[in-house]
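# Architecture and fold: a report
Read off the chains here:
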Amino acid sequence: MVGSPVDKPRILLMGLPRSGKSSIQRVVFESTIKIQKEDVTRSFIDFQIWDFPGQVNFFDGSAYDAKEIFDTVGSLVFVIDAQDDYSDGLHRLQYTIVKAYQVNPNMTFEILIHKVDGLSDDYKDDVKIDIIRKMQEFLKDIDQEENISLLYHLTSIYDNSIYEAFSKIIQKLIRELPTLENLLNILRTNSGLEKAYLFDTLTKIYIATDSTPVEMDSYELCSDMIDVVLDIECIYGPQSGSGPYPKDGYDESTLDALEVGSAAAPCEPASMTCNSFNTEIEASSIIKLNNGDVLYMKEINSLLALICMIRGDNFKKHGLIDYNFQCFTSAVTDLFKFSQKKNKSHHQLD
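Residues numbered from 1 in each chain as written. Predicted model: local features only at pLDDT ≥ 70, side-chain atom pairs only at ≥ 80, totals over all residues. Heavy atoms only, no water.

Further remarks concern the overall build of the protein chain. Along its length, the protein chain carries nine helices and twelve strands. Here the protein chain, with 350 residues, has 50% of them falling under the buried criterion. On the protein chain, roughly 16800 Å² of surface is accessible, and the fraction owed to carbon and sulfur atoms is 49%. (Helix = DSSP H or I, 4+ residues; strand = E, 2+ residues; numbered from the N terminus. Buried < 20%, exposed > 50% of the residue type's maximum accessible area, 1.4 Å probe, protein only. Areas by Shrake-Rupley, 256 points an atom, 1.4 Å probe, with all protein chains shown as cover.)

Put simply, helix H3 (residues 87-103) and helix H4 (residues 121-141) touch, their axes get as near as 11 Å, and they point 40 degrees apart. The orientation of H3 with respect to H4, classified from their angle, is oblique. Remark: the crossing between H3 and H4 carries right-handed chirality. Between H3, through Leu90, Leu93, Gln94, Ile97 and Val98, and H4, the contact on the second element is made entirely by Ile131, Lys134, Met135 and Phe138. Each residue belonging to the contact of H3 with H4 can be placed in one class, and the counts come to seven nonpolar, one polar and one charged. (Axes fitted to C-alpha atoms, helices over the stretch in contact; angles between N-to-C directions. Parallel < 35°, antiparallel > 145°, perpendicular 65-115°, else oblique. Left-handed = near helix turned anticlockwise from the far one by under 90°. Contact = heavy atoms within 4.5 Å. Nonpolar A, V, L, I, M, F, W, Y, C, P; charged D, E, K, R; others polar.)

On to the nonpolar core, then. Counting 59 residues, the largest nonpolar core has Leu112, Phe166, Leu198, Leu306 and Phe328 as its most contacted members. Excluding residues that lie within four positions of it along the chain, Leu112 makes contacts with Ile24, Val77, Phe78, Val79, Ile80, His153, Thr155, Ile162, Ala165, Phe166 and Ile169. One finds Ile69, Val73, Tyr86 and Met107 within the second-largest nonpolar core, a separate group that totals 33 residues. (Core = buried A, V, L, I, M, F, W, Y, C linked by side-chain atoms within 4.5 Å.)

In the structure shown here, the tally under the stated rule is 13 salt bridges. Put simply, Asp130 and Arg133 hold a salt bridge, and the shortest N to O gap is 2.7 Å. Here Arg133 and Asp130 lie together in helix H4, a separation of three residues that amounts to about one turn. Judged by its relative accessible area of 39%, Arg133 is partly exposed. The salt bridge involving Lys195 is made with Asp210; its shortest N-O contact spans 3.2 Å. Of the two residues, Lys195 is situated in strand S7 (residues 195-200) and Asp210 in the loop between strand S8 (205-209) and helix H7 (216-236); the sequence distance between them amounts to 15 residues. Assessed through its relative accessible area of 4%, Asp210 is described here as buried. Among the charged side chains, a salt-bridge network with shared partners connects Asp130, Arg133, Lys134 and Glu137. (Salt bridge = Lys/Arg side-chain N within 4 Å of Asp/Glu carboxyl O.)

Here it is in structure tokens:
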């Protein structure tokens, strides 16, 4: 999606002071007494994220134009500090929902119950249940129970939960999502994959996945694979314009050093060994887990990567898998080019 800053969909990041809003933006998007605006444009991702200072009332008509701020918002993300007394945060959230919904009833509301890394699992669940109950009572009191939908996420910047939450948030802004999901379903079925993700490599956000349920364990392994490949890139040097591996390949001694189980292997997470290689077109990487399963990463372009979980028995058909991956890469590339042309013609008509 390519658009001007004016017509880009927006994600509003709101919450009380010190609830963790700015840290989330810095960690996820590498980016306060004023609105912090950042354009995020990477492949199929194209939006603006606005970080609102928690102490300012943006519904004050004498100082701000609420319609200008909220009219084109795709998603309003409200951050609540789970480690603090969140009663004031819920009051601000309730006020914000009422005012924002009056301006733009089409926006989605996403609640990040944040800073849960220091909490026990039982306490996390108790906090989430309590917040959901209070918000349901609030919506019932204002007679908007059926009109306003709230989605809740337990998050921390110290694990992958914040990336998983923003993956789900951003997917709602990607109009090509149904096509991407269908392509991933076809790939999974024809290749015998357990799970397939299409990642934005710069943010570690998955912009699409197949229709099977997302399990945090498999998602974290696939997400961490991006870091492993980047670590290898730091060791061996980046390939200009494509990926972490040179197109003319490594010499034989270097490839031997990357063999599975080699003592010289440059990446060896706790339960993983690593094997990496390149093709004539784009970089690829394999990580074989101790349980025999395989993580397979195929670069689509410099911003997108396909990462899959494959059972060891199914990976024996790697020739078929490689062929299907190449077909998927071509389809995604064509879809992206078509999307760009469609947006250009749309803006020319405007």
